[in-house]
Amino acid sequence: MSLLAKIAEIEAEMARTQKNKATSNHLGLLKARLAKMRRELITPKGGSGGGTGEGFDVAKTGDARIGFVGFPSVGKSTLLSNLAGVYSEVAAYEFTTLTTVPGVIRYKGAKIQLLDLPGIIEGAKDGKGRGRQVIAVARTCNLILIVLDVLKPLGHKKLIEHELEGFGIRLNKKPPNIGFKKKDKGGINFTVTCPQSELDGDAVKSILAEYKIHNADITLRSDSTADDLIDVVEGNRPADITVLFNPTRVYIPCIYVLNKIDQISIEELDIIYKVPHCVPISAHSRWNFDDLLEKMWDYLHLVRIYTKPKGQLPDYTSPVVLPTEHTAVEDFCLKIHKSLLKELKYALVWGASVKHNPQKVGKDHVMEDEDVIQLVKK
């Protein structure tokens, strides 16, 4: 029996099984099996097979990377052309874009790379079409824009989420708060710090047994599901050197872009605006692009740092852009050049992160958005 047939069989069994306390262990076991098979399916065998696909390995440039994902002919190419002024072939038939088309926009001083990915078809995670390469590129993005046709959004949204989930991409989620540590002996040591609605000791043991793990410390620090535990176990697997595509879990923010709003009524538009993570636009008529750009900026979590040469005014035209989690003076120096850190004596900072303007700080000082910095060398 082929791997795809086995996956279909397990999915059918999960659909048949009623969800209750008695079946939760069995369902957890099936989910673990399914995750393992999916990994085997998307991991190329040996070092030679399963390259990245021609035209997909686009060099990462700029401060952030945004991928446009969607079914064919929902307006991804039109959106990219009108946002970035890049020509991506546009036509009224499906599958016009056959390779990744990159474009760059400048917004609030940051250089953001936009990628128009070829249209996803159902079954991409099982290797149909060029879905595998499309989703492999989507994994490297800082933000994913799922472009949907406003006239058929929900069906498409569910299918695309299902395809991305199958590839270990988790949209608008945080990594599960689960402690997992393998041991050489001592059995499964299971600790819970808050009430659990789904997992218990037996369920955890049956899922770990599927991965042939019989000695480990597991700590559940939040109300976790079987899927959360499987994500943590899958994410802790050692990367195989021969594998080009290591399917660990990635957690990526996502915005749902509902295109073609010029074809619906105002009342329907009001309802769409209440959906979380959604921005309605018309790529063709360039409606609501300001709202989309602002939301993209919020979801990217970037911080702008302005530089000030000694005895001159700060340069507000080209900030150094850093991700929110890496905004220390040390990160700032490494972004410009790694040799700068060795020469640094101290830095002077103006802005929201300091009490006095300017304030003398060391390399561990964490800066905030639109701070001004002057480096003093040894």
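That block above? That's the structure.
Everything numeric in this text was worked out from a predicted model, so none of it was measured.

(A) Expanded view of the pairing of strand β3 (residues 110-116). Extensive coverage of β3 is indicated by the burial of six of its seven residues. Relative to β3, strand β1 (residues 64-69) runs parallel, the two sharing five bridges. Within the sheet, the bridge partner assigned to Ala64 lies in β3 and is Ile112.

(B) Region of the structure containing helix α1 (residues 3-16). For α1, with 14 residues, the first-to-last C-alpha span of 20 Å sits near the 20 Å given by 1.5 Å per residue. For α1, the full list of buried residues reads Ile7, Ile10 and Met14. Seen from one end, α1 has its buried residues packed into an arc of 65°, which puts them on one side. In α1, the exposed residues that point more than 90 degrees away from the buried face are Ala15 and Arg16.

(C) Expanded view of the layout of surface pockets. Counted as a void, the largest pocket has a volume near 650 Å³. Lining the largest pocket we find 27 residues, and of these Arg38, Glu165, Arg170, Asp227 and Asp231 sit closest to its centre. For the lining of the largest pocket, the elements supplying multiple residues, two or more each, are α1, α2 (24-42), α5 (153-166) and α7 (226-235). In terms of residues, the lining of the largest pocket owes the most to one element, α2, which gives six residues. Considering only residue class, the lining of the largest pocket consists of nine nonpolar, three polar and 15 charged.

(D) Spotlight on the sheet that holds strand β12 (residues 302-307). Ordered by their spatial adjacency, five strands build an open sheet running β13-β12-β16-β14-β15, and the pairing between neighbours is mixed. Here the strands that pair on one side only, and so sit at the sheet edges, are β13 (315-323) and β15 (359-361). Strand-to-strand, the axes of this sheet are offset by a mean angle of 40°, without reference to chain direction. The pairing of β12 with β13 spans five bridges and is classified as antiparallel. Pairing of Leu302 across the sheet is with Pro323, part of β13. Lying on the sheet, helix α10 (residues 329-336) is in contact with β12, β13, β14 (344-350), β15 and β16 (371-377); it crosses β13 at an angle near 110°.

(E) Geometry of the sheet that holds strand β6 (residues 178-182). Here three strands make up an open sheet; going across it, the order is β6-β8-β7 and the pairing mixed. Among the strands making up the open sheet, the edge pair consists of β6 and β7 (188-192). Mean inter-strand twist for the sheet, computed between neighbouring axes without regard to direction, equals 5°. Inspection of the sheet shows β6 paired to strand β8 (residues 216-220) by five bridges, in the antiparallel sense. Bridge pairing in β8 links Phe180 to Ile218. Helix α6 (residues 201-210) rests against β6, β7 and β8 of the sheet, and its axis sits at about 135° to β7. Across the face of the sheet, α7 comes into contact with β6 and β8 while running at roughly 40° to β6.

(F) Summary view of the side chain of Arg170. You can see Arg170 is positioned in strand β5 (residues 169-171). For Arg170, a relative accessible area of 7% corresponds to the buried category. Within the local environment of Arg170, its side chain forms a polar contact with the side chain of Asp231, the two groups lying 2.7 Å apart. Excluding residues within four positions of it along the chain, Arg170 makes contact with Glu165, Asp231, Arg249, Val250, Tyr251 and Ile252.

Conventions we followed
Residues numbered from 1 in each chain as written. Predicted model: local features only at pLDDT ≥ 70, side-chain atom pairs only at ≥ 80, totals over all residues. Heavy atoms only, no water. Buried < 20%, exposed > 50% of the residue type's maximum accessible area, 1.4 Å probe, protein only. Helix = DSSP H or I, 4+ residues; strand = E, 2+ residues; numbered from the N terminus. Pairing = 2+ DSSP bridges. Expected span 1.5 Å × (residues − 1). Arc of directions from axis to C-beta. 1 Å grid on protein atoms, 1.4 Å probe; cavity = no way out; pocket = protein on both sides within 12 Å on 5 of 7 lines; lining within 4 Å. Points joined across faces, edges and corners; volume = space filled by probe spheres on them. Nonpolar A, V, L, I, M, F, W, Y, C, P; charged D, E, K, R; others polar. Axes fitted to C-alpha atoms, helices over the stretch in contact; angles between N-to-C directions. Contact = heavy atoms within 4.5 Å. Polar contact = N/O pair within 3.5 Å; in protein donor to acceptor, adjacent residues only side chain to side chain.

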